[in-house]
Amino acid sequence: MEGASNTFTSTANMTLRKFDPNHAVLGEVSKEADGSFRGCVRVHLNLSRPINIVAGTRPPSIYDILQEDRSVEKTLTSFYMPRDAVKAIHITSKTTTREVIIALLGKFKVVDNPQKFALYEKTCDLPQGGKGKLHRLADTDCPLVLALNWSTGGQINKRLVLQENDTADIQWEAFSLPELSNFLRILDREEEEYRCQIQDKYSLLRLRIREMLLRCHQEGRA
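Calculation criteria
Residues numbered from 1 in each chain as written. Predicted model: local features only at pLDDT ≥ 70, side-chain atom pairs only at ≥ 80, totals over all residues. Heavy atoms only, no water. Helix = DSSP H or I, 4+ residues; strand = E, 2+ residues; numbered from the N terminus. Buried < 20%, exposed > 50% of the residue type's maximum accessible area, 1.4 Å probe, protein only. Areas by Shrake-Rupley, 256 points an atom, 1.4 Å probe, with all protein chains shown as cover. Lys, Arg positive; Asp, Glu negative; His and termini not counted. Salt bridge = Lys/Arg side-chain N within 4 Å of Asp/Glu carboxyl O. Polar contact = N/O pair within 3.5 Å; in protein donor to acceptor, adjacent residues only side chain to side chain. Pairing = 2+ DSSP bridges. Core = buried A, V, L, I, M, F, W, Y, C linked by side-chain atoms within 4.5 Å. Contact = heavy atoms within 4.5 Å. 1 Å grid on protein atoms, 1.4 Å probe; cavity = no way out; pocket = protein on both sides within 12 Å on 5 of 7 lines; lining within 4 Å. Points joined across faces, edges and corners; volume = space filled by probe spheres on them. Nonpolar A, V, L, I, M, F, W, Y, C, P; charged D, E, K, R; others polar. Arc of directions from axis to C-beta. Patch = residues over 30% accessible without salt bridge, like charges linked within 9 Å, V, L, I, M, F, W, Y side chains within 5 Å.

1. Considerations on the overall build of the protein
Okay, so step 1: Broken down by element type, the protein carries five helices and eight strands.
Okay, so step 2: Tracing the protein from N to C terminus, the helices and strands come up as α-β-β-β-α-β-β-α-β-β-α-β-α.
Okay, so step 3: Within the protein, buried positions represent 37% of all 222 residues.
Okay, so step 4: Counting only carbon and sulfur atoms, one obtains 53% of the accessible surface of the protein, whose full area is about 13800 Å².

2. Comments concerning the side chain of D141
Okay, so step 1: Examined against the element boundaries, D141 turns out to sit in the loop between β7 (129–136) and α4 (143–152).
Okay, so step 2: Here D141 occupies a buried position and makes no salt bridge, while the nearest side chain of opposite charge, R136, is found at 9.0 Å.
Okay, so step 3: Within the local environment of D141, its side chain forms a polar contact with the backbone nitrogen of A138, the two atoms lying 3.0 Å apart.

3. Remarks on the pairing of strand β1 (residues 26–31)
Two faces belong to every sheet, and in a regular strand the side chains alternate between them.
Okay, so step 1: Here β1 runs beside strand β2 (residues 37–45); their pairing, made up of four bridges, is antiparallel. Each bridged residue has a counterpart across the sheet, and for S30 the counterpart in β2 is R38.
Okay, so step 2: Counting the residues between successive antiparallel strands, the hairpin from β1 to β2 contains five residues, one of them, G35, with a positive phi of roughly 95°.

4. Side note on α4
Along an α-helix, residues three or four positions apart point the same way, because every turn accommodates 3.6 residues.
Okay, so step 1: Along α4, nine of the ten residues are buried, which leaves the element largely enclosed by surrounding structure.
Okay, so step 2: By the burial criterion, the buried members of α4 are P143, L144, V145, L146, A147, L148, N149, W150 and S151.
Okay, so step 3: In the stretch just after α4, G154 is the one whose phi turns positive, near 75°.

5. A word on the pairing of strand β8 (residues 158–164)
Okay, so step 1: A large share of β8 lies buried, amounting to seven of its seven residues.
Okay, so step 2: Taken together, the three bridges between β2 and β8 define a ladder with parallel strand orientation. Opposite L45, over in β8, you have L162 as the bridge partner.
Okay, so step 3: Inspection of the sheet shows strand β6 (residues 117–126) paired to β8 by seven bridges, in the antiparallel sense.

6. So, the pattern of salt bridges
Okay, so step 1: Scanning the model with the defined rule gives six salt bridges in all.
Okay, so step 2: The salt bridge partner of K94 is D34, with a shortest N-O separation of 3.1 Å. Taken as a pair, K94 in the loop between β5 (85–92) and α3 (97–107) and D34 in the loop between β1 and β2 lie far apart in primary sequence, 60 residues in all.

7. Quick word on the nonpolar core
Okay, so step 1: V41, V43, I51, L119 and L162 are the most contacted members of the largest nonpolar core, which totals 30 residues.
Okay, so step 2: Sorting the residues of this core by element identifies β1, β2, β3 (51–55), β5, α3, β6, α4 and β8 as the ones contributing at least two each.
Okay, so step 3: Contact partners of L119, with chain neighbours within four places excluded, come to V43, T97, V100, I101, H135, R136, L137, P143, L160, V161 and L162.

8. So, unusual backbone geometry
Okay, so step 1: Unlike most non-glycine residues, K109 shows phi in positive territory, near 60°.
Okay, so step 2: Along the chain, K109 turns up in the loop between α3 and β6.

9. Section: empty space enclosed by the protein
Okay, so step 1: According to the stated counting rule, one finds one cavity of 30 Å³ or more in the structure shown.
Okay, so step 2: There is about 30 Å³ of room inside the largest cavity.
Okay, so step 3: If you go around the largest cavity, the residues you meet are L45, L47, I51, M81, L104, L105, F108, V110 and L162.
Okay, so step 4: Split into classes, the residues belonging to the lining of the largest cavity amount to nine nonpolar, no polar and no charged.

10. Considerations on α3
Okay, so step 1: Buried residues of α3: T97, R98, V100, I101, L104 and L105, and no others. When α3 is viewed along its axis, its buried side chains cluster within an angular range of 160° and face the same direction.
Okay, so step 2: K109 sits one or two positions beyond α3 and adopts a positive phi of about 60°.

11. Points about a nonpolar patch on the surface
Okay, so step 1: Side chains of Y194, I198, Y202, L205, I209 and L213 sit close together on the surface and give an oily, nonpolar patch of about 600 Å² of accessible area.
Okay, so step 2: By the element assignment, I198 lies in helix α5 (residues 177–221).
Okay, so step 3: According to the relative accessible area criterion, I198 is partly exposed, its value standing at 32%.

Given below as structure tokens:
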């Protein structure tokens, strides 16, 4: 990440005014007295597993999720985060990936272990988003530096994405027994849904074959 930081530092004063404020990742940016930069980055949340948050007695609405409501009573609630929700967070060019993850979890009052999550650089197939390739950022990377380089370089197909660690990188010992049991229930449900899809597929195929046989039989009798 040092090379990326040096690349940005050497060109920041010339390109700071050229960044696109409507960039998919980067928001308003300003220079600090110590020469570093402070700005707003947008992070897409792509969480497939339930999270535990400090919230009220009901699961939070999307409005609650995207706002920092300090009036909520502090009780533990488990729920699924809406896919592709976007959260803007103010950081500096010195803020690391791990610090961004911790700050994001704090904004949502998530009490899960931060080690369960990772921040990814997503290179989308299309400028407006969609499918793309993911590259996990190192804990010591500085997301604002990356976002500034993307913006000044005209890379509009980049995104910052927060999601669970890759399966190979998951630290299973960080999960509690209820969480692990919940994962098993999710897998059982997904297996049942997939089984039903397969059954429906072949039931429809069987029906079509029978219809074709009946049609051939009727044509033969005619």
